[in-house]
Amino acid sequence: MFNGKKVLITAGPTYEPLDPVRFIGNHSTGKMGFALARCLAQEGAAVSLIAGPTSLTLSHPLVQVMPVMTADEMFAACQRKSEEADLWIFAAAVADYKPKDPATSKIKKNDDSFTIELVKNVDIAATLGKQKRANQFAVGFALETDQELENARGKLLKKNLDMVVLNSLRDPGAGFRHDTNKITIVKPSTVEEYALKAKDEVAQDILESIKAEWACLQKK
Ligand code: CTP
C-alpha cells in the first residue's frame, strides 16, 4: 500500500531561541518519527522527514531528511511538501510557544528575576489539516497525562486528523527517552490498545493501523 506513496513526517523537538546561545525546547528524541520513516521507506514510500534538532541520522535513498530548528522553520518545510504528500505523520513535539522577541546578543545576568514573554507558535497539524484533501491521510500524536482518550478525540476533530497515536505518560516505559513505547490508536470510530514494545515494532503497528483505516476511507 505504501509503495510509491509520498509521505511527510515531522519528528523530534523544536528549539525556540531566547538569544544566540539559549533556547526553549523539550525532551523529544525523534526516535518514533525516524522509526516510521525507516519502515515506510522499506515499504517503498518516498519520505520527507522534517526533523527538529536530534542526534539521529537516517540514510536511505527514499528518505530526504530536512533538518529544521524552530516551529516556524518546520512549518515552512511542511508547506513545501504537504500538497504533494499522500500521507502526513505529525510525530514532532512542536513547542507550543516561542519567545516574543528573541535577543540578538547574549542576555546578561543583571536582575534577580527575569520574565520572558511567550507567544503561541503556529499549530502545524491544525493549519495543514484545513487544507487536507479527501485522498490525503493525516496522523497525529498526543502525549497526555490526564483524560487521555477525551483529549485524543478532541485532537482528531480540532486538527482534522484521521487517527491519533496516544501515549500516556502514566504508562511506565512510554514516551520520551525510552526505546520502548506503549500506544493506543484512536480513530473516529475505534480505539486500539497495544502492549509495551520496542519503538521499531510500534512503528510497524502504526503502519498496519494506517493501512486498515486508509483502505476503509478509500472504499467510501
Ligand atoms: N502539533 C503541531 N504543531 C504544534 C503543536 C502540535 O503540528 N504547534 C502536532 C503534534 O506533532 C502532534 C499533535 O499536533 O501530532 C498534538 O500535539 P500536542 O502537543 O499533544 O497537542 P497540542 O495541540 O499542542 O495541545 P496541548 O499541548 O494543549 O495538549
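Please read all numbers here as calculations on a predicted model, not as lab measurements.

Among the structural elements, Glu148 can be located in helix α4 (residues 148-158). Residue Glu148 is classed as buried on the basis of its relative accessible area, which comes to 15%. Residues within four places of Glu148 in sequence aside, it is in contact with Leu166, Ser168 and Arg170.

Moving on, we get to the site of the ligand. Surrounding the ligand, one finds 14 residues, the nearest of these being Phe90, Ala92, Phe141, Lys155 and Lys159. Between an oxygen atom of the ligand and a side-chain N or O atom of Asp96, the distance comes to 2.9 Å. Between the ligand and Phe141 there is a distance of 2.8 Å, counted from an oxygen atom to a backbone nitrogen or oxygen. Among the elements of the structure, α3 (124-129), β9 (137-144) and α4 are those that each provide at least two residues to the shell around the ligand. Here the element with the most residues in the shell around the ligand is β9; it accounts for three residues. Grouping the amino acids of the shell around the ligand by side-chain chemistry returns eight nonpolar, one polar and five charged.

Right, let's get into the pairing of strand β1 (residues 6-11). The buried fraction of β1 amounts to five of the six residues, a majority that puts the element mostly inside the structure. Here six bridges tie β1 to strand β4 (residues 46-51), and the two strands are oriented parallel to one another. Bridge pairing in β4 places Leu8 opposite Ser48. By the bridge criterion, four bridges tie β1 to strand β6 (residues 87-90) in an arrangement that is parallel. Looking at the pairing, Val7 lines up with Leu87 of β6.

As a further point, take the packing of aromatic side chains. In this structure the tally under the stated criterion is three aromatic pairs. On the numbers, 5.6 Å between centres and 40 degrees between planes, the contact of Phe137 with Trp214 is tilted. You can see Phe137 sitting in strand β9 and its partner Trp214 sitting in helix α5 (residues 199-219), a full 77 residues away along the chain. The ring centre of Trp214 lies 5.7 Å from the NZ or CZ of Lys5, which sits over that ring.

With that out of the way, let us pick up unusual backbone geometry. Of note in this structure, Gln147 is not a glycine but carries a positive phi near 40 degrees. One can find Gln147 in the loop between β9 and α4. Relative accessible area serves as the criterion here: at 52%, Gln147 is assigned to the exposed category. Unlike most non-glycine residues, Asn160 shows phi in positive territory, near 55 degrees. Structurally, the position occupied by Asn160 is in the loop between α4 and β10 (163-168). On the basis of relative accessible area, Asn160 is assigned to the partly exposed category, the value being 34%.

Counted according to the given criterion, the structure contains 12 salt bridges. The closest approach of N and O atoms between Arg22 and Asp19, which form a salt bridge, is 2.5 Å. Connected through salt bridges with shared partners, the residues Glu43, Glu208 and Lys211 form a single ionic network.

About the cut-offs
Residues numbered from 1 in each chain as written. Predicted model: local features only at pLDDT ≥ 70, side-chain atom pairs only at ≥ 80, totals over all residues. Heavy atoms only, no water. Helix = DSSP H or I, 4+ residues; strand = E, 2+ residues; numbered from the N terminus. Buried < 20%, exposed > 50% of the residue type's maximum accessible area, 1.4 Å probe, protein only. Contact = heavy atoms within 4.5 Å. Near = heavy atom within 4 Å. Polar contact = N/O pair within 3.5 Å; in protein donor to acceptor, adjacent residues only side chain to side chain. Nonpolar A, V, L, I, M, F, W, Y, C, P; charged D, E, K, R; others polar. Pairing = 2+ DSSP bridges. Phe/Tyr/Trp six-rings, centres within 6.5 Å; stacked < 30°, edge-to-face > 60°. Lys NZ or Arg CZ within 6 Å of the ring centre and 35° of its normal. Salt bridge = Lys/Arg side-chain N within 4 Å of Asp/Glu carboxyl O.

Remember that the coordinates give geometry; whether it matters functionally is a separate question.
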